[in-house]
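If you want the building blocks of each chain, they are given just below.
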Amino acid sequence: MNELSKNTFSSRSSLLLMEIILSILFFSLAGTVCLQMFVKAKLLEQDTAELDMAVRYVSSAAEFLNQPERTAESVAILYPAASVEGNTAFVWFKKDFSSCSQKEACYRLEIRVLQEDTHTAVWSAVLYTESPAEEIYRLEGTVYQPYTPQDRH
Amino acid sequence: MRFRTRSRHIIDLAFPIALFFVFAVSSLSILILAADIYASTASHLRINDENRTALSYIAEKIRQNDTNGAVSITSIDGIDCLAMSALYNEIPCTTYIYEYGGMMKELFINDGIPVSLKSGRDIMAISSLSMEQLEEQLWRFTTVDSDGNEDFLIAAGRSVP
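So, here is what we can say about the structure in this document. (Residues numbered from 1 in each chain as written. Chains lettered and ligands numbered in written order. Predicted model: local features only at pLDDT ≥ 70, side-chain atom pairs only at ≥ 80, totals over all residues. Heavy atoms only, no water.)

1. Comments concerning the overall build of chain B
Applied cut-off: Secondary structure elements follow DSSP: runs of H or I no shorter than four residues count as helices, runs of E no shorter than two count as strands, and numbering proceeds from the N terminus. Note on method: radius of gyration uses C-alpha positions; expected globular size equals 2.2 Å times residues raised to 0.38. Whether two residues are in contact is decided by their heavy atoms: any pair within 4.5 Å suffices. Only the protein chains shown count as covering a residue, and every accessible area follows the Shrake-Rupley method with a 1.4 Å probe. Residues scored as positive are Lys and Arg, those scored as negative are Asp and Glu, and His as well as the terminal groups of each chain are ignored. Each charge is placed at NZ for Lys, CZ for Arg, CG for Asp and CD for Glu.
Helix and strand content of chain B: two helices and eight strands. What you see for chain B is a C-alpha radius of gyration of 29 Å, clearly larger than the 15 Å of a compact globule of 161 residues, by over 25%. Its C-alpha atoms put chain B at 105 × 30 × 30 Å along the principal axes. Residue pairs at least 24 apart in sequence account for 34% of intrachain contacts in chain B once pairs closer than 6 positions are excluded. Carbon and sulfur atoms make up 58% of the accessible area of chain B, which totals about 9,500 Å². For chain B, the distance from the average position of its 13 positive side-chain charges to the average position of its 20 negative side-chain charges is 21 Å.

2. Let's talk about the overall build of chain A
For clarity, the cut-off: Per-residue accessibility, obtained with a 1.4 Å probe over protein chains only, is compared with the maximum for each type, and a residue is labelled buried under 20%, exposed over 50%, and partly exposed between these values.
Check the secondary structure of chain A and you find one helix and five strands. Reading the secondary structure of chain A in the N-to-C direction produces α-β-β-β-β-β. What you see for chain A is a C-alpha radius of gyration of 31 Å, clearly larger than the 15 Å of a compact globule of 153 residues, by over 25%. Counting only C-alpha atoms and orienting by the principal axes, one finds that chain A spans roughly 120 × 30 × 20 Å. With 153 residues in all, chain A has 36% of them scored as buried.

3. Thoughts on the pairing of strand E4 (residues 103–110) of chain B
Residue and element names in this part refer to chain B. The following threshold applies: When DSSP finds two or more bridges between a pair of strands, those strands are recorded as paired.
The pairing of strand E3 (residues 91–100) with E4 spans eight bridges and is classified as antiparallel. The residue bridging threonine 95 from the neighbouring strand is phenylalanine 108, located in E4. The sheet contact formed by E4 and strand E5 (residues 121–125) spans four bridges and is antiparallel. Considered in E5, the bridge of lysine 105 is made with aspartate 122.

4. Re the interface of chain A and chain B
Put simply, the rule reads: In this description, buried area is defined as the sum, over both parts, of the accessible area (probe of 1.4 Å) that is lost when the two are combined. Each salt bridge in this description consists of a side-chain nitrogen of Lys or Arg and a carboxyl oxygen of Asp or Glu lying within 4 Å of one another. Polar contacts, as used here, are pairs of N or O atoms within 3.5 Å; protein pairs need one atom able to donate a hydrogen and one able to accept it. Residues neighboring in sequence count only if both atoms are side-chain atoms. Nonpolar residues are Ala, Val, Leu, Ile, Met, Phe, Trp, Tyr, Cys and Pro. Charged residues are Asp, Glu, Lys and Arg, and all others, Gly as well, are polar.
The interface of chain A with chain B comprises 28 residues on the first partner and 31 residues on the second. Of the roughly 2,700 Å² buried between chain A and chain B on both sides combined, carbon and sulfur atoms contribute 63%. Ranking the residues of chain A by area buried against chain B places Phe27(A), Arg56(A) and Glu63(A) at the top, with a combined share of 23%. In this assembly, chain A and chain B are joined by five salt bridges. Between Asp151(B) and Arg56(A) there is a salt bridge, with the nearest N and O atoms lying 2.8 Å from each other. At the surface where chain A touches chain B, the tally comes to eight residue pairs in polar contact (both at pLDDT 80 or more). Taken together, the residues of the side of chain A that touches chain B sort by class into 14 nonpolar, seven polar and seven charged.

5. Let's talk about the pairing of strand E5 (residues 134–144) of chain A
All names here are of chain A. In this sheet, E5 lies alongside strand E4 (residues 120–129) in antiparallel orientation, the contact comprising ten bridges. Bridging from a neighbouring strand, valine 126 pairs with arginine 138 of E5. Between E4 and E5, which pair antiparallel in sequence order, lie four residues.

6. A few points about the pattern of salt bridges
Following the criterion strictly, the structure yields 16 salt bridges over all chains and no others. Its salt-bridge partner being Arg108(A), residue Glu110(A) comes within 3.1 Å of it at the nearest N-O pair. A residue is classified by how much of its surface remains accessible, and Glu110(A), at 13% relative accessible area, is buried. We classify Arg108(A) as buried; its relative accessible area is 15%. A single salt-bridge network, built from bridges that share partners, covers Asp52(A), Arg56(A), Arg52(B) and Asp151(B).

7. Considerations on the sheet that holds strand E7 (residues 138–144) of chain B
All names here are of chain B. Formally: Each axis is a line fitted through C-alpha atoms, taken for helices only over the stretch in contact, and angles between the N-to-C directions span 0 to 180 degrees.
With antiparallel pairing, the three strands of this open sheet are ordered in space as E6-E7-E8. Edge strands, defined here as strands with exactly one partner in the open sheet, are strand E6 (128–135) and strand E8 (150–156). Pairwise comparison of adjacent strand axes, ignoring direction, gives a mean angle of 20 degrees for this sheet. Bridging between E7 and E8 involves seven bridges; their strand directions are antiparallel. Paired with threonine 143 across the two strands is aspartate 151, which belongs to E8. Set on the sheet, helix H2 (residues 10–65) makes contact with E6, E7 and E8; between it and E8 the angle comes to about 10 degrees.

8. Description of the nonpolar core
Inside soluble globular proteins, nonpolar side chains tend to come together where they are buried. Operational definition: Remark: nonpolar core denotes a set of buried residues (Ala, Val, Leu, Ile, Met, Phe, Trp, Tyr, Cys) joined through side-chain atoms within 4.5 Å.
One finds Tyr57(A), Val75(A), Tyr79(A), Phe93(A), Leu109(A), Ile111(A) and Leu127(A) to be the most contacted residues of the largest nonpolar core, which totals 31 residues. Secondary-structure elements contributing two or more residues to this core are helix H1 (2–65), strand E2 (88–93), strand E3 (107–117), E4 and E5 of chain A together with E8 of chain B. Examining the composition of this core, we find that eight residues originate from one element, H1(A), more than from any other. Setting aside chain neighbours within four positions, we find Tyr79(A) in contact with Tyr57(A), Val91(A), Phe93(A), Leu109(A) and Phe152(B). The next biggest cluster of nonpolar side chains, apart from the first, holds 18 residues, and it includes Ala54(B), Leu82(B), Met84(B) and Met104(B).

9. A closer look at the side chain of Thr129(A)
Residue and element names in this part refer to chain A. Mapped onto the elements of the fold, threonine 129 is located in strand E4. A distance of 2.6 Å separates a polar side-chain atom of threonine 129 from the backbone oxygen of proline 132. Non-local contacts of threonine 129, meaning those with residues more than four positions away in its chain, are made with Glu50, Cys106, Tyr107, Glu134 and Ile136.

In structure tokens form, the structure reads like this:
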């Protein structure tokens, strides 16, 4: 009888232990899946916010560059802190997209205007992350300056 | 019978309670994490909803009315207004877009009639809308939503006066 009770209790104990182990295992698995989803959601949200800002800044530059007679130097109208090298203007931004120097920059807006001929210019506006340098968003276009009667002479 | 009658050890009580607390803390952590991510996403959605909607509305209005240099920025009663002139049935009219009393408003009125800013039609709630003419036919609009988030739009006119 004693042996029977001992066995019964022992089997109940191991059953309870097994149940607890399974519960912990299930909870751990569920927690891991949830955490992975949350991390992915957070990363996706950060990427979306970054892309959203990139679209905003690049679209603004595109709106500006679509006007005839724009050059890399004229980018200073939009961003007085822009640095111009040849036909390319660079604007650097902090994490919160406020203008800053190259040293403390997280993002770089690169605006290039190439004059193909007297009436045609090809431009591109690209926003990169600074390190590592990865392209976030790019817009390109061609702008034509209309011919005027003076151009015939 | 020895197992049935043995005295209960403190661990018999402490272990389930400890396990319960571990579960509770873990669940709470995951819940807080989820709530934080949800709040952050909702906040970005709200920024898009208020600022971007207002700026998109302005951009579309400018494109719609960009003829003969009809778009300009004017100040009425100290408030900057985006003014878009047009002829309707040969009658000169102007559409004004501005911020007044926490609302973005639009007022369509015949030229020559005194402008009353409070009479404009409400478009949407907005904390602030500022306008700046960067160059001829180049404007910068800045909006601030109810949470203090700022957004901007650069708009350029294509038409020639």
